[in-house]
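# Breakdown of the fold
Letter by letter, the chains look like this.
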Number of protein chains: 2
Amino acid sequence: MRPGINATQTERIIQALERAGYQATPNRRLVAELVASADGHFTAAHLLDRGRRERVTIGRATVFRALDLLTTLRVVERLDLPSGSHAYVLCDPDEHHHHLICSSCGRSEDVADGELPALIERIGRRSGYRIEAHRLELFGTCPRCAGAEADR
Amino acid sequence: MRPGINATQTERIIQALERAGYQATPNRRLVAELVASADGHFTAAHLLDRGRRERVTIGRATVFRALDLLTTLRVVERLDLPSGSHAYVLCDPDEHHHHLICSSCGRSEDVADGELPALIERIGRRSGYRIEAHRLELFGTCPRCAGAEADR
DNA sequence: GGCCGAATGATACCAGGTCTCATTCGGTGC
DNA sequence: GCACCGAATGAGACCTGGTATCATTCGGCC
Ligand SMILES: [Mn+2]
Ligand SMILES: [Mn+2]
Ligand SMILES: [Zn+2]
Ligand SMILES: [Zn+2]
């Protein structure tokens, strides 16, 4: 086990795979470790890089395939950053929520859905649309980064 | 002027360009026409295609540059579809709002911001983040598509 | 008409994925 | 332990959406 790896999170991810009937192969375990130890959001390229630095090789397609799997299991979620690029973030699959992302350090915070469903229900009624999915993404500066900013 | 083109919308887009001090060149007028006559959301490739079908040639980079401009002027907005791909949609720049997009036909409806700011303010207070931007995207089926569905 | 920055097209390039296909893995039945 | 067979994998081609570079052209102004 590599240093800095959150074993509990890793286990949680692997169990999600197994519970859904997927094999917990060495490659998927590796991706789980990399994901679990990511600080904030990350890209597939980022994981690949970190793997390579530790001299573990894994195919690019395999990483994307694993991330796809984890996405459908809602263990990770894909973010659309304001820059237009995509990133993934580790996520709690148990309840629907949204993300508050620090534009400076990339760390993110889960945000409960709160009053959003009621608001959306009203929008659906007014517009006549049958609303099937929604996404709320919040971007800002986390307290830590705001502090660092103030120090300078 | 081509048939099916919404001259008023086209004019509105061109005026936005001029008001911001950009030249309303023939190419930008063309993009404005294509954008104004799009039904629902569209991609750069889609505009390029439609141009080509009417035997008007315009460089790919030029279309992207025009869309960038219109995006900064908030005349169009970029959408992140659940599929992961990007699209643009014609937009009213005058007040902050969000989009309700039909997954079936691609048409979209503007949605007022409503109670969202209050909700976001609360989230910021609870989390300590300074929230600087937000995005709400709603996906569903529009009444027209729901009707067509029911007919079958 | 001449000047000069803005706009343009061609083209190369890039990131982030997806697809194909031949190979390998790994869980199951024996 | 071995054979079997579908699941997983890596390599590499390919694709979409977008950006960078650079030489050319345009267009508003004197
Ligand atoms: Mn989350
Ligand atoms: Mn709009
Ligand atoms: Zn931060
Ligand atoms: Zn529709």
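Residues numbered from 1 in each chain as written. Chains lettered and ligands numbered in written order. Predicted model: local features only at pLDDT ≥ 70, side-chain atom pairs only at ≥ 80, totals over all residues. Heavy atoms only, no water.

For the rest of this paragraph, the subject is the coordination of the zinc ion (ligand 4). Residue and element names in this part refer to chain B. Note on the zinc ion (ligand 4): its protein donors are Cys102 (SG), Cys105 (SG), Cys142 (SG) and Cys145 (SG). The metal-donor distances range over 2.2 to 2.3 Å. Because the angles between the 4 donor atoms bound to the zinc ion (ligand 4) fall within 104 to 114°, the donor set is best described as tetrahedral. Of note, the donors binding the zinc ion (ligand 4) are all from one chain and are spaced C-x2-C-x36-C-x2-C. Of this pair, Cys102 sits in strand β3 (residues 97–102) while Cys145 sits in helix α6 (residues 143–151), and the two are 43 residues apart along the sequence. (Donors = N, O, S within 2.8 Å, 3.2 Å for Na, K, Ca; no water. Tetrahedral: all angles 85-135°; square planar, octahedral: opposite > 155°, others 65-115°. Helix = DSSP H or I, 4+ residues; strand = E, 2+ residues; numbered from the N terminus.)

Accessible area lost during the coming together of the parts is what is often quoted as the interface size. All names here are of chain A. Examined at the domain level, chain A breaks down into domain 1 (1–93) and domain 2 (96–152). Here the C-alpha centroids of domain 1 and domain 2 sit 22 Å apart. Taken together, the contact pairs 12 residues of domain 1 with 10 residues of domain 2. When the two sides are added together, the surface that domain 1 and domain 2 hide from each other amounts to roughly 940 Å², 51% of it contributed by carbon and sulfur. At the surface where domain 1 touches domain 2, the tally comes to 2 salt bridges. (Domains from an automatic or database assignment. Contact = heavy atoms within 4.5 Å. Buried area = accessible area lost by both parts, 1.4 Å probe. Salt bridge = Lys/Arg side-chain N within 4 Å of Asp/Glu carboxyl O.)

Here the focus is the nonpolar core. Most often, soluble globular proteins have nonpolar side chains that are buried together. Ranked by internal contacts, the top residues of the largest apolar core, which has 26 residues, are Val31(A), Val35(A), Leu47(A), Val63(A), Leu67(A) and Leu70(A). Elements with a minimum of two residues in this core: α1 (7–19), α2 (26–36), α3 (44–53) and α4 (60–72) of chain A. Not counting chain neighbours up to four residues away, the residues in contact with Leu67(A) comprise Val35(A), Phe42(A), Ala44(A), Leu47(A), Val76(A) and Tyr88(A). Counting residues in hydrophobic clusters, the runner-up holds 25 residues, among them Ala32(B), Leu34(B), Val63(B) and Leu90(B). (Core = buried A, V, L, I, M, F, W, Y, C linked by side-chain atoms within 4.5 Å. Buried < 20%, exposed > 50% of the residue type's maximum accessible area, 1.4 Å probe, protein only.)

Quick look at the protein's contact with DNA strand C now. Near DNA strand C, the surroundings consist of 18 residues, among which Arg60(A), Phe64(A), Thr25(B), Arg28(B) and Thr62(B) are the closest. Atoms of DNA strand C within 4 Å of the protein belong to the sugar or the phosphate in 65% of instances, the rest to bases. Within the side chain of Thr62(B), one N or O atom sits 2.4 Å away from a phosphate oxygen of DNA strand C. Counting residues per element, the ones that place at least two in the surface near DNA strand C are α4 and β2 (86–90) of chain A together with α2 (26–36) and α4 (60–72) of chain B. Counting residues per element, the surface near DNA strand C draws most heavily on α4(A), which supplies 5 residues. Residues that form the surface near DNA strand C fall into these classes: 5 nonpolar, 7 polar and 6 charged. (Near = heavy atom within 4 Å. Polar contact = N/O pair within 3.5 Å; in protein donor to acceptor, adjacent residues only side chain to side chain. Nonpolar A, V, L, I, M, F, W, Y, C, P; charged D, E, K, R; others polar.)

This part covers the coordination of the zinc ion (ligand 3). Under perfect tetrahedral coordination by four donors, a metal shows angles of 109.5 degrees; under perfect octahedral coordination by six donors, it shows angles of 90 or 180 degrees. Residues and elements named next belong to chain A. The protein atoms that coordinate the zinc ion (ligand 3) are Cys102 (SG), Cys105 (SG), Cys142 (SG) and Cys145 (SG), at distances spanning 2.2 to 2.4 Å. Its 4 donor atoms give the zinc ion (ligand 3) angles of 104 to 115° at the centre, a pattern that matches the tetrahedral case. When the donors of the zinc ion (ligand 3) are listed by position in the chain, the intervening gaps give C-x2-C-x36-C-x2-C. Of this pair, Cys105 sits in the loop between β3 (97–102) and β4 (108–112) while Cys145 sits in helix α6 (residues 143–151), and the two are 40 residues apart along the sequence.

Moving on: unusual backbone geometry. A positive phi is found at Arg74(A), a non-glycine position, where the angle reads about 60°. Its place among the elements puts Arg74(A) in the loop between α4 and β1 (76–80). Given the relative accessible area of 48%, Arg74(A) is considered partly exposed. Not every positive phi belongs to a glycine, and Arg55(B) is a case in point at roughly 60°. By secondary structure assignment, the location of Arg55(B) is in the loop between α3 (44–53) and α4. Accessibility expressed as a relative area gives 75% for Arg55(B), which makes it exposed.

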